[in-house]
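# Structural features, examined
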Amino acid sequence: MCGIVAISAKRDIGNDILDGLARLEYRGYDSFGFACMTDGALSLVRDVGVLSEKRARLRDGGMPEAHAAIGHTRWATHGRVTVANTHPHTSFDQRFVLAHNGVIENHHEIRERLAARQIQCASETDTEVVAHLLALHYRETGNLMATIAAVRAEVRGEYAFAIALRDEPGLLIGVKNQSPLAAGTLANGAGPDGGFLCSDPIALAGHEGRIAYLEDGDVAFVRPDGVEILHGDTTLAPVERAMTALDIDNGADDLGDFPHYMLKEIHETPQSVQRMAELPAAGLQGAVDHLATHDVALVGSGSAFYACLLGQYFFAQLAGRYARCHPADEFLDVNAFSGPGQALVAVSQSGETFDTLRVMRAAQAAGVASVAINNVAASTSQRMAEFPILQNSGREICVLSTKSILAQVAVLYRLALGTAEAAGRIDADEHRRLLGDLAALPRVLGELIADKRAEIDDAAERYRWIDNWFFLGRSLHYPVALESALKFKEVSYLHAEGMPAGFLKHGTISLIDEKFFTVAFIPNRAHDPDSFGLVVSSVHEIAARGGNVIGFGHDAADAFEDGLFERYIQLPSLSKWLDPLIQLTAGQLFSYGCAVKLGRNIDKPRALAKAVTVR
C-alpha cells in the first residue's frame, strides 16, 4: 500500500512528480502529498481524496517550482484520512521531510520517548515518529550516515523511506526494509536528467534512464547527477546493484472508447489468456519438472488466493496430486516448511504482496524453491523465485483485477497439465488436446463478452437494489463463487458471501427469504453431472424457502424446472476445467454492471489498493 516517487534534477520537476504519483494511485488513494524543495526552501502540498481528480488544478499553479520533490499517495493504515495524517511528514525542527510505505511496529513506544523529550506528534501516523528520530539523531551526531544507522536500529517493522534534508538541497535518501523501493537515473538526448526513487517504475513511464531495485538493508543517495547505493546495518558500505533500462510503456493509460478501465481490461482478457496458451513449453518446463518431483503448496492473497484454489482442483483432478492451498496471511501458521522436498507456487498480480513475499522468504530460508506467477516483470516476487513465470497480461489500471486472474488460472492449468503428463496421468496426445482447449478459450471468452454482456447488464440493472447476496458453486465452481463474490462487493459495496453450495444447508440457509438473492454457478451437466445435480439441488432448497436465484450455467434453460430461477443466463461451454474461467468472466461483467448502475467509482473503489504491500 502507498506509493512513493521522488525526483531530484537541475530543472523544475513539478509536472514529472505530479504525473508519476498519479500513476501510483493503484497503491492507495485516500490522500496525497508533495514535499517540494528549491534552494533549501521546503513547501508542502497535501490533500485528501484522489489525486487524479485534482491534477488539473495542481498543474494550473497548485504546485510550487521544485528541483527536488517527494510525492506520496496514501492508503490509510495508522490514523484517519485527514490532511494532518497525509505524507510527507516533517521533523520538529523542519530539517527533515519523509514519506513512508510500510508499518512501524514500535511507533507507540517511540512516540512515548519523544513525548518525554517534549516532542509532540502532529499526526496519528506511525510515520511521523521517524522524521523526529532523524532530526534528534542528526542534532546529536551531525553525521548523516550515523543518523540513518541509528534510526534503522531503533525502528521495527517494514518500510521504504524517501527522505530529504533541508541542509543538503538536491539530495534524496531511500531506505528499504521489506517494502519495495527502486532508485535510478533519468536521461534525455543531451545526457543525465536527474535521479529518482520510486515504489514502482510505472511512476516513470515515458522517461528514459536506468533503474536498480533495492534490497533489504540498502540505502540509496540520489542526486541530480546520479545514484549511490550503500548497504549494511551499523556501517554502510558502497554496493553494486544491477541497473537495467527504464523502459515503461505509457500506452496502457489510454482508455480508448471504454468508459472505465475495468471494462477495457475485461475486454482484454482473451488476449491475456491467449498469451498464456501460446507461452512456449520451454518457459514452463523448469517449473513443471520441479513440481512433478516435490510436494506442492499454493499461496496467494485475495483474488490470487482464489486463483490458487482453482489450481488446487487442477492438480487434484488432472495430476492426481494434493496441493496444499492457504491464504498467504494464514499460510505459515498451518504449513511450516520442512525442507527442499517441498515446492511453493506463489501467485500475486503485482509481485509485491507483503504476505505472499513473507511466505516466499520463509520458503527460501528452508531451502524450498518457489514458482512465482506475476504480472510485473521486475517485481520482488519475480526476482526472488527460482522459477519466475511472467503473465504478460499488460498493465491493469483498475484496482480490481480481471484479466490478470484469468491469466493466472491459465498458468496453473498448464502447470497441472505438465505435472499430469510427468506423472503418467495423461499422455502426450491428451496433453495436446487439453492444451488445445486452452487455445480455444480466448475465442470463447470474446464471444461471451460480445454476445452476453447486454443480457448480463440487464440482470444487473434489474437487481442492483438487492442488499444481500450469496454466491454459490461446487467443486471447480466453488472458487468461482468466492472470487465473484469478492469482485461484486469490492466494486458495488453490497454485501455478498461466496461459499460452497453444499455449505448452504449447514446454517446459512436461515438467511434466505424473498429479499435475499443468490447467484449460482452451475457446471455443464455433460462435463460434470454430479456437481451439476448437487448445485441444482441447492437451488431447489433456496427456492423452497422463497429465495431468488440468478443462475449462470452452460445448459439450455429447458434443462431446469420452470420457475426455478428468477433469472437464468446461459453461457458458452468448453471443458470441465475451463468452464470456470468462462464463469469468472460472467461474474466480472455482472459485478461491473451492478456497480455502474449504482454509480460507484468503478476503477478506484473506496478503501482499496491494488498492491497490498503491508501486512
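Here we summarise the structure given alongside this text.

Calculation notes
- Counting from 1, residues in each chain are numbered in the order their sequence is written.
- Only residues with pLDDT of 70 or above have their local features reported here, since the model is predicted, and side-chain atom pairs are shown and tallied only from 80 upward, although totals for entire chains, interfaces and linings are computed over all residues.
- No hydrogens and no water enter the side-chain calculation; it runs on all heavy atoms of the structure.
- Between the N-to-C directions of two axes lies an angle of 0 to 180 degrees, each axis being a line fitted to C-alpha atoms and, for a helix, fitted only over the stretch in contact.
- Each helix corresponds to a stretch of at least 4 residues labelled H or I by DSSP, and each strand to a stretch of at least 2 residues labelled E; elements are numbered beginning at the N terminus.
- Here is the rule for angles: anything less than 35 degrees is roughly parallel, anything more than 145 is roughly antiparallel, 65 through 115 is roughly perpendicular, and the remaining ranges are oblique.
- Residues are treated as being in contact if the distance between any of their heavy atoms lies within 4.5 Å.
- Gly is placed with the polar residues, together with every amino acid not listed as nonpolar (Ala, Val, Leu, Ile, Met, Phe, Trp, Tyr, Cys and Pro) or charged (Asp, Glu, Lys and Arg).
- Note on ring pairs: Phe, Tyr and Trp rings are taken, using the six-membered ring of Trp, and paired if centres are within 6.5 Å. Classes follow the plane angle, with under 30 degrees stacked, over 60 edge-to-face and the rest tilted.
- Placement of a positive charge over a ring is assigned whenever Lys NZ or Arg CZ falls within 6 Å of the ring centre and within 35 degrees of the normal to the ring plane.
- Given a helix with a known number of residues, its expected span is that number minus one, times 1.5 Å.
- Think of it in three bands: with a 1.4 Å probe and only protein chains considered, a residue is buried below 20% of the maximum accessible area for its type, exposed above 50%, and partly exposed in between.
- For any helix crossing, the convention is left-handed if the near helix is rotated counterclockwise from the far helix by under a right angle, and right-handed if that rotation is clockwise.
- Paired strands, as defined in this entry, are two strands with at least two bridges between them according to DSSP.

Moving on, we get to the packing of helix H13 (residues 403-422) against helix H17 (residues 579-598). Where H13 meets H17, the closest approach of the two axes is 11 Å, and the angle between their N-to-C directions is 170°. Here H13 is positioned roughly antiparallel relative to H17, judged by the angle of their axes. The residues of H17 that touch H13, namely those facing Ile 405, Leu 406, Val 409 and Ala 410, are Leu 581, Leu 584, Thr 585 and Gln 588. Considered class by class, the residues forming the contact of H13 with H17 number 6 nonpolar, 2 polar and no charged.

For the rest of this paragraph, the subject is the packing of aromatic side chains. What the rule picks out here adds up to 22 aromatic pairs. Here the aromatic rings of Trp 469 and Phe 590 are separated by 5.7 Å at their centres, their planes lie at 70°, and the arrangement is edge-to-face. A residue pair is termed long-range when its members are at least 10 positions apart, and Trp 469 in strand E21 (residues 468-473) and Phe 590 in helix H17 qualify at 121 residues. The ring of Tyr 493 carries Arg 606 above its face, with NZ or CZ at 4.1 Å from the centroid.

A few words now on helix H11 (residues 354-365). The first and last C-alpha atoms of H11 sit 16 Å apart over 12 residues, in line with the 16 Å expected at 1.5 Å per residue. Where H11 is concerned, the buried positions are Phe 354, Asp 355, Thr 356, Leu 357, Val 359, Met 360 and Ala 363. Looking at the packing, one finds that the buried side of H11 touches strand E7 (157-165), strand E16 (295-300), helix H10 (328-334), strand E18 (342-347), strand E19 (369-374) and helix H12 (380-384). Two residues or fewer past H11, Gly 367 is found with a positive phi of approximately 80°.

It is the contact of helix H4 (residues 128-141) with helix H5 (residues 144-154), at a shortest axis distance of 9 Å, that shows an interaxial angle of 135°. Considering the angle they form, H4 stands oblique to H5. The element H4 and its partner H5 pack so that their crossing is right-handed. Contacts from Val 130, Leu 133, Leu 134, His 137, Tyr 138 and Thr 141 of H4 reach H5 at Leu 144, Ala 146, Thr 147, Ala 150, Val 151 and Glu 154.

Attention shifts here to the sheet that holds strand E10 (residues 191-198). Reading across from one edge, E3-E2-E4-E1-E10-E9-E11-E15 is the order of the 8 strands in this open sheet, with antiparallel pairing throughout. Each of the sheet's edge strands pairs with one partner strand only, and the pair in question is strand E3 (41-48) and strand E15 (244-245). The pairing of strand E9 (residues 182-188) with E10 spans 7 bridges and is classified as antiparallel. When the bridges of E10 are listed, Ala 182 appears paired with Cys 198. Across the face of the sheet, helix H1 (residues 14-22) comes into contact with strand E1 (3-8), strand E2 (31-38) and strand E4 (68-74) while running at roughly 160° to E1.

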